[in-house]
Amino acid sequence: MPFPRGGTCRKGGGTIGQVWRTGLPIFNASFSSNAALAPWKERALKLGLRSNTALPIYRDGKVWAVFSVYHEKADIFDDQLQILLKEVCINISMGLDRIYSQQLKTALLDNSLVGILLVKNRVVQMTNSYATHMFGLEPDALVGQSTEILYADQAEFERIAEFYEQLAQKRTVRITGVRLARSDGQILIADCSGVKLSDLQNDISVWTLEDVTSRDVARRLYHALVNAADAVLLATDEREMCRRACLDLVRDTLFHAVWIGRVSDVGHLEVLSHAGEGTEGIEQINNCLDQSCSLSQPLVIMRAWRDKDLAYSNDELAEQANSPCFEFIRTNNWRAVLCAPIWRDGQIWTIMTFVSPQAQVFDAPSIALCKRVASLLGHALDKLDVKQRIECLQEQEAARARHDMLTGLPNRLALTEYLPQALARAQRQTTSVAIGMIDLDGFKQVNDTYGHEAGDRLLQQLGQNLQARIRQTDFVARLGGDEFVVVFEGLTPTQAVEQVEVVLAALHTAVEKPFPVTVEDTATVGMTLGVALYPQDGENAESLLKRADKAMYHAKQNKKTREKWWFLVKDLAGDAPDAPLP
């Protein structure tokens, strides 16, 4: 809806603007009664609009859009509709997050330094861009083609066919020295790894092709990237992701030690995860740091942390010859060392350190790979943070949807979910359940005398009092207005009435003292309650609530002559008038 002209409205003060700034949903029950939306009232009424709502849609942990709904009726957005709209927006946010996840996976495939093929019945279904590049083909040129065209000759094609039986039995296979043919006729040598997809019934497998024609170093670098990708894709939390990454990066790669850590405010290393030689006691290096390590040639990790940038040494042992850390480095055979920052949420989070026992290991390809691995891990951690934030939002929204905003007690929705479960427990345990419908006596007079704010203050205190006086196994909810429901579980069927009398005596003390409603004034209210017993008075939640409400209505109508403040369904006369449903 366009902003009203003139100076009556602050830009962004409408429901959409507020949601965009705060990230919280807004439900406007009526343009006519909402003073905050007065600048929009005339325009809305002309368009036949009486109410609206605006809810945030998140992407990557931030408000990405606002979902707004307008309606021709006022007070249309009840609790159920609010829950539905919130769940719609949460589902949209999760969908956007899945799109982001898919983009991350696609980027991983397209930027990988190995060829990756999805194969079904020895026919190529999908490839990454590097696979077609290896064969000198255009993108997607291999899709739909038999894998026979990949090999140098028919004999090689048939040789690889023999490994499919091993793939079917063990679900994984590795074949070294496979002869492949480029489109220009040149032969390249590759190591091939196949994994049968365990969650599919068809003969579908994923293959990686590593070009080892030039040198073995390249092969090991490719393994490092694939291993890091596995760690990122398989991990479910931050700790597991870092642990997997370190373990996989020392498996058949250039590195014999990898660790993730940061430098504390006092200049000490704090290690979060590690794998490989010398990393078990890596914190011992802090003893060396306390001995004034050379400021002219600090350790590589110190340079990387200080400069917030990648740093490396192709012979850390020689460079630290005069350092107190020399003996630690020599003992653990740390020669070439590279440290790459891991960025998380726009800030440097940790440093990932790669160590090789050989000097002069880090050249342009290996440096690029290490940087890519650290970047991949940072992106995956950001994605994990987004997922956790969305899950937290879901939990918060679920809690808000099931609790009364004024008193903090469970609401009608929470009651409808809880009561069938309570009855099911009672049926299994052969016990009784008492359902009590409460209506306050004299509450309207409090509102009329002191105002609705005072009434709200009384309801808040009463909610606390009721909650404090029930047992841990019991339940209290506010239906709305001055109506409450209490549920007492674990009653003995033959003694249920006597047990109810005891808990109700304690419950009534919740209103036996005056309630402070203003700075100077107090107010008193009473309670009227109708009680239905399960299974004596009914076998389902709906009928029990109706009968408890009927008993409460009867007690309300006979307030002047009744002996006690509560009334049992079983004591109702057959011709008692029907009570209005809550």
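Right above here is the structure, for reference.
Residues numbered from 1 in each chain as written. Predicted model: local features only at pLDDT ≥ 70, side-chain atom pairs only at ≥ 80, totals over all residues. Heavy atoms only, no water.

Novice: Hey, could you go over the nonpolar core for me, with residue numbers and the actual values?
Specialist: Grouped together as the largest cluster of nonpolar side chains are 35 residues, with contacts concentrated most on Leu 458, Phe 488, Leu 504, Leu 507 and Val 531. Among the secondary structure elements, those contributing two or more residues to this core are β14 (432-441), α15 (443-450), α16 (452-469), β16 (483-491), α17 (496-508), β19 (526-534) and β20 (566-568). Ranked by size, the runner-up nonpolar core spans 30 residues in total, among them Ala 336, Trp 349, Cys 370 and Val 373. (Core = buried A, V, L, I, M, F, W, Y, C linked by side-chain atoms within 4.5 Å. Buried < 20%, exposed > 50% of the residue type's maximum accessible area, 1.4 Å probe, protein only. Helix = DSSP H or I, 4+ residues; strand = E, 2+ residues; numbered from the N terminus.)

Novice: How would you summarise the packing of helix α5 (residues 154-161) against helix α6 (residues 163-170) if you had to cite specific residues and measurements?
Specialist: Two elements in contact, α5 and α6, have axes whose closest approach is 4 Å; the angle formed by their N-to-C orientations is 25°. In terms of orientation, α5 and α6 fall into the roughly parallel class. Here Arg 159, Ile 160 and Ala 161 of α5 lie close against α6, whose contacting residues are Phe 163, Tyr 164 and Glu 165. Residue composition of the contact of α5 with α6, by class: four nonpolar, no polar and two charged. (Axes fitted to C-alpha atoms, helices over the stretch in contact; angles between N-to-C directions. Parallel < 35°, antiparallel > 145°, perpendicular 65-115°, else oblique. Contact = heavy atoms within 4.5 Å. Nonpolar A, V, L, I, M, F, W, Y, C, P; charged D, E, K, R; others polar.)

Novice: Give a detailed account of the packing of aromatic side chains, specifying residues and quantitative values.
Specialist: What the rule picks out here adds up to eight aromatic pairs. Summarising the aromatic geometry, the rings of Phe 27 and Phe 77 are spaced 6.2 Å apart at their centres and angled 55° between planes, so their arrangement reads as tilted. Of this pair, Phe 27 sits in strand β1 (residues 26-28) while Phe 77 is found in the loop between β3 (62-71) and α3 (79-110), placing the two residues 50 residues apart along the sequence. When its relative accessible area of 22% is taken as the criterion, Phe 27 is described as partly exposed. Note on Tyr 418 and Phe 475: the rings are 4.0 Å apart at their centroids and 10° apart in plane angle, and the pair reads as stacked. Here Phe 475 lies in strand β15 (residues 475-480) and Tyr 418 lies in helix α14 (residues 412-429), a separation of 57 residues in the sequence. (Phe/Tyr/Trp six-rings, centres within 6.5 Å; stacked < 30°, edge-to-face > 60°.)

Novice: With reference to specific residues and values, describe helix α1 (residues 15-22).
Specialist: The set of residues buried in α1 consists of Thr 15, Gly 17 and Val 19. In the core, the buried residues of α1 are packed alongside β1, β2 (51-59) and β3. Where α1 ends, the next residue or the one after it, Gly 23, has phi of about 75°, a positive value.

Novice: Account for the pattern of salt bridges, naming residues and giving values.
Specialist: Applying the stated rule across the entire model yields 23 salt bridges. Glu 240 serves as the salt-bridge partner of Arg 244, at 3.0 Å between the closest nitrogen and oxygen. In this pair, Arg 244 and Glu 240 both sit in helix α8 (residues 238-249), four residues apart, roughly one turn of the helix. Residues joined by salt bridges that share partners form a network here, namely Asp 439, Asp 441, Lys 556 and Arg 562. (Salt bridge = Lys/Arg side-chain N within 4 Å of Asp/Glu carboxyl O.)

Novice: Before we move on, can you summarise the sheet that holds β2 with the specific residues and values?
Specialist: Strand order across the open sheet formed by three strands is β1-β2-β3, with antiparallel pairing between neighbours. Across the chains shown, the open sheet's two edge strands, defined by having one partner strand only, are β1 and β3. Between one strand axis and the next, the sheet turns by 15° as a mean value, whatever way the strands run. Judged from the three bridges that link them, β1 and β2 form a sheet pairing that is antiparallel. Counted as the bridge partner of Phe 27 is Thr 53 from β2. The strands that α1 touches are β1, β2 and β3; relative to β3, the one it contacts most, it runs at about 155°. (Pairing = 2+ DSSP bridges.)

Novice: Requested: an account of the environment of Asp 315, with residues and values cited.
Specialist: When you line up the elements, Asp 315 lands in the loop between β11 (311-313) and α11 (316-319). Under the relative-accessibility criterion, Asp 315 is labelled buried at 18%. Between the alpha carbons of Asp 315 and Ala 359 there is a distance of 5.2 Å; along the sequence they are 44 residues apart. Apart from residues lying up to four places away in sequence, Asp 315 is in contact with Arg 335, Ala 336, Ala 359 and Gln 360. In this structure the side chain of Asp 315 is engaged in a polar contact, spanning 3.2 Å, whose partner is the backbone nitrogen of Ala 318. A polar contact is formed between the side chain of Asp 315 and the side chain of Arg 335, at a distance of 3.0 Å. (Polar contact = N/O pair within 3.5 Å; in protein donor to acceptor, adjacent residues only side chain to side chain.)

Novice: I'd like a description of the environment of Tyr 312, backed by residues and values.
Specialist: Tracing the backbone shows Tyr 312 in strand β11. Note on Tyr 312: relative accessible area 38%, which makes it partly exposed. The sequence separation of Tyr 312 and Phe 362 amounts to 50 residues, and the corresponding C-alpha distance is 7.9 Å. When near neighbours in sequence (up to four residues on either side) are disregarded, Tyr 312 contacts Val 300, Arg 303, Val 337, Leu 338, Phe 362 and Ile 367.

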